Amino acid sequence: MSPTRLSLSDVEALARTAHATQTDKAGHPYTEHLQAVAHGVATRGGDEEQIAAAWLHDAVEDDALTEEWLAEAPLTARTKAIVLALTKRPGEPPEAYAARILATPGALLVKRSDLAHNANPARLAVLDEHTRIRLTRKYGHMRNLLGLPDEPAAEEVTDNR
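These lines cover the structure that appears in this document, whether it is placed above or below. (Residues numbered from 1 in each chain as written. Predicted model: local features only at pLDDT ≥ 70, side-chain atom pairs only at ≥ 80, totals over all residues. Heavy atoms only, no water.)

### Describing helix H2 (residues 30–43)
Moving on, step 1. With 14 residues, H2 ought to run about 20 Å at 1.5 Å a step, and its terminal C-alpha atoms sit 20 Å apart, in line with that.
Moving on, step 2. By the criterion of burial, H2 is predominantly enclosed, with 10 of the 14 residues buried.
Moving on, step 3. What H2 keeps buried is the set Tyr30, Thr31, Glu32, His33, Leu34, Ala36, Val37, Ala38, Gly40 and Val41.
Moving on, step 4. Contacts from the buried residues of H2 go to helix H1 (8–18), helix H3 (48–56), helix H7 (107–118) and helix H8 (121–125). (Helix = DSSP H or I, 4+ residues; strand = E, 2+ residues; numbered from the N terminus. Expected span 1.5 Å × (residues − 1). Buried < 20%, exposed > 50% of the residue type's maximum accessible area, 1.4 Å probe, protein only. Contact = heavy atoms within 4.5 Å.)

Structure below.
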């Protein structure tokens, strides 16, 4: 028998602890991004498995948690699959990454929320011009590969800054 599944508040606490020392490109606590993505998933109608995956979506990629930890974690198979689908592999072409997301049930909604927060004009505005242009192109390319519509410019602005 498997152990009791982690609650959403347990997953949030775990993600906050795992990413506690990390910052985003603008120097803000990385946990702000995780919170925004989880909130975006919830407001887009995502379920608890997707919200849990939103909290953990960068944990393996950023070496905050290991793939071995994820395999053994008391999470649903669907949550684990979404996290792995959103974990970019070194040297992986964007097309292969997008195909994996599209092939994984529930992953597209989490990635949509991730992209919406990453591409938020307010977040991009604090970056240097070169980085802002590079990331805007990167996020736009991924949205196109995933067949996602543009998000409203004001979306995903958080009140905790």
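### Points about the environment of histidine 39
Moving on, step 1. Residue placement: histidine 39 occurs in helix H2.
Moving on, step 2. Judged by relative accessible area, histidine 39 falls into the exposed class, the value being 52%.
Moving on, step 3. Along the backbone, histidine 39 and tryptophan 55 are 16 residues apart, and their C-alpha atoms lie at a distance of 9.5 Å.

### Some remarks on the pattern of salt bridges
Moving on, step 1. Tallied over the entire structure, the rule returns seven salt bridges.
Moving on, step 2. In this structure, the salt-bridge partner of arginine 123 is aspartate 24, at a minimum N-O distance of 2.9 Å. Here aspartate 24 lies in the loop between H1 and H2 and arginine 123 lies in helix H8, a separation of 99 residues in the sequence.
Moving on, step 3. Exposure remark for arginine 123: the relative accessible area of 13% places this residue in the buried category.
Moving on, step 4. Taking the relative accessible area as the measure of exposure, aspartate 24 reaches 11% and is therefore buried.
Moving on, step 5. In this structure, arginine 78 and glutamate 49 form a salt bridge, with 2.7 Å as the shortest nitrogen-oxygen distance. (Salt bridge = Lys/Arg side-chain N within 4 Å of Asp/Glu carboxyl O.)

### Regarding the side chain of threonine 31
Moving on, step 1. Looking at the secondary structure, you find threonine 31 in helix H2.
Moving on, step 2. By relative accessible area, which is 12% here, threonine 31 ends up buried.
Moving on, step 3. Residues within four places of threonine 31 in sequence aside, it is in contact with Ala15, Arg16, His19 and Trp55.

### Quick notes on H3
Moving on, step 1. H3 sits mainly inside the fold: seven of its nine residues count as buried.
Moving on, step 2. Along H3, the residues classified as buried are Gln50, Ile51, Ala52, Ala53, Ala54, Trp55 and Leu56.
Moving on, step 3. If you check the start of H3, you find a side-chain oxygen 3.1 Å away from the backbone N of glutamate 49, and it comes from aspartate 47. (Polar contact = N/O pair within 3.5 Å; in protein donor to acceptor, adjacent residues only side chain to side chain.)

### A look at the nonpolar core
Considering soluble globular proteins, one finds that nonpolar side chains tend to be buried as a cluster.
Moving on, step 1. Trp55, Leu56, Val110 and Leu146 are the most contacted members of the largest nonpolar core, which totals 38 residues.
Moving on, step 2. The set of elements that each furnish at least two residues to this core consists of H1, H2, H3, helix H5 (77–85), helix H6 (94–103), H7 and helix H9 (129–146).
Moving on, step 3. The residues touching valine 110, leaving out its near neighbours within four places in the chain, are Val37, Val41, Gln50, Ala53, Ala54, His57, Ile82 and Leu86. (Core = buried A, V, L, I, M, F, W, Y, C linked by side-chain atoms within 4.5 Å.)

### Brief notes about the packing of H7 against H9
Moving on, step 1. Running from amino to carboxyl end, H7 crosses H9 at an angle of 155 degrees, the nearest separation of the two axes being 10 Å. By the angle class used here, H7 and H9 are roughly antiparallel. Crossing geometry of H7 relative to H9 is assigned as left-handed. On H9, the residues touching Leu108, Lys111, Arg112, Leu115, Ala116 and Asn118 of H7 are Tyr139, Met142, Arg143 and Leu146.
Moving on, step 2. Across the contact of H7 with H9, the residue classes break down as six nonpolar, one polar and three charged. (Axes fitted to C-alpha atoms, helices over the stretch in contact; angles between N-to-C directions. Parallel < 35°, antiparallel > 145°, perpendicular 65-115°, else oblique. Left-handed = near helix turned anticlockwise from the far one by under 90°. Nonpolar A, V, L, I, M, F, W, Y, C, P; charged D, E, K, R; others polar.)

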